[in-house]
Amino acid sequence: MHQLKNAAVVLETVAVLRGRGWNISDEAARRGLSEARWPGRFEVLRADGPVFLADGGHNRQCAEAVAAALKAYFPGKNIHFIMGVLEDKDYASMLAVLAPLGGRFYTVTPDSPPRAQRGGAGTGTFYLW
């Protein structure tokens, strides 16, 4: 869902640039959108069998975007989360947004010392099973 908003911003930016004399074809805009990749943002890691998604969101706003996308694309699914959050992030607000969606939460310690929150203490990688 949040990527759709980003795409809308891109198209508006293209319109503004065209208004300022830039020659950007419709085909170039289409190609740019179709080839755009943002690894770690609601990225499908596996689609066959249990679906695995990764999202590196690290604040409440990112968790809200993930929650909205999960509700839209996987309504009624039992979602399990594997989460690792850095110590300086507000994991409690992320959990408050995601908890209503999740069957289980598994916490891990990210490989980012010294800022890593220890697994088990509350912990952004989100996966859907």
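Counting restarts for each chain: residues are numbered from 1 in the order of the written sequence. Predicted model: local features are reported for residues with pLDDT of at least 70 only, side-chain atom pairs are reported and counted for 80 or more only, and whole-chain, interface and lining totals are derived from all residues. Side-chain metrics in this entry use all non-hydrogen atoms of the structure; hydrogen atoms and water are not considered.

This brings us to the overall build of the protein chain. Elements are defined by DSSP. Helices are runs of H or I of four residues or more, strands are runs of E of two residues or more, and each kind is numbered from the N terminus. Scanning the protein chain from terminus to terminus reveals 4 helices and 4 strands. Starting at the N terminus and ending at the C terminus, the protein chain contains elements arranged as α-α-β-β-α-β-α-β. Three exposure classes are used, based on accessible area relative to the maximum for each residue type with a 1.4 Å probe and protein chains only: buried under 20%, partly exposed in between, and exposed over 50%. Relative to its 129 residues, the protein chain shows a buried fraction of 30%. Accessible surface area values rest on a Shrake-Rupley calculation with a 1.4 Å probe, where residue burial reflects the displayed protein chains alone. When the accessible area of the protein chain is evaluated, it comes to approximately 8100 Å², of which 56% is carbon and sulfur surface.

pLDDT is a residue-level measure of predictor confidence that goes from 0 to 100. A residue-level look at the protein chain finds 85% of positions with pLDDT of 70 or above and a mean pLDDT of 82. Looking at the elements of the protein chain, mean pLDDT is at its lowest for strand β4 (residues 102–107), recorded as 81, and at its highest for helix α2 (residues 26–35), recorded as 94.

Turning next to helix α3 (residues 60–73). Expected helix span is computed as 1.5 Å times (number of residues minus one). Taking 1.5 Å per residue as the helical rise, α3 with its 14 residues ought to reach 20 Å, and the 20 Å between its terminal C-alpha atoms agrees with that figure. Every buried residue of α3 is accounted for by C62, A63, A65, V66, A67, A69 and L70. The definition of a polar contact used here is a pair of N or O atoms within 3.5 Å, where within protein one atom must be able to donate a hydrogen and the other to accept one, and adjacent residues in sequence count solely through side-chain atom pairs. The N-cap residue of α3 is N59: its side-chain oxygen and the backbone nitrogen of Q61 are 3.1 Å apart.

Here we take up unusual backbone geometry. The residue F42 is not glycine, and still its phi comes out positive at about 45 degrees. On the accessibility criterion, F42 (17% relative accessible area) is buried.

Below, the discussion takes up the environment of A63. Mapping A63 onto the fold places it in helix α3. Sequence separation of A63 and V97 is 34 residues, and the distance between their C-alpha atoms is 6.4 Å. What makes two residues a contact is simply this: any of their non-hydrogen atoms within 4.5 Å. Residues within four places of A63 in sequence aside, it is in contact with M94, V97 and L98.

Moving on, we get to the pairing of strand β3 (residues 79–83). With respect to burial, β3 is a largely interior element, 4 of its 5 residues being buried. Two strands qualify as a pair provided that DSSP identifies no fewer than 2 bridges between them. Where β3 lies against β4, 5 bridges are found, and the strand directions are parallel. Considered in β4, the bridge of M83 is made with T107. Handedness of the crossover is the feature at issue here: the chain leaves β3, passes through helix α4 (residues 91–98), returns alongside β4, and the resulting connection is right-handed. Handedness of a crossover: with both strands directed away from the viewer, a clockwise path from the first strand across the helix to the second marks it as right-handed.

Our focus in this paragraph is the pattern of salt bridges. Every case where a carboxyl oxygen of Asp or Glu lies within 4 Å of a side-chain nitrogen of Lys or Arg is listed as a salt bridge. With the rule as written, the count across this model stands at 4 salt bridges. For E27, the salt bridge goes to R30, with nearest N and O atoms at 3.7 Å. In this pair, E27 and R30 are both assigned in helix α2, 3 residues apart and thus about one turn of the helix distant. Taking the relative accessible area as the measure of exposure, R30 reaches 51% and is therefore exposed. With a closest N to O distance of 3.0 Å, R60 and E64 form a salt bridge. Placement of both R60 and E64 in helix α3 is noted, with a separation of 4 residues, approximately one turn of the helix. Taking relative accessible area as the criterion, R60 reaches 38% and is therefore assigned partly exposed.

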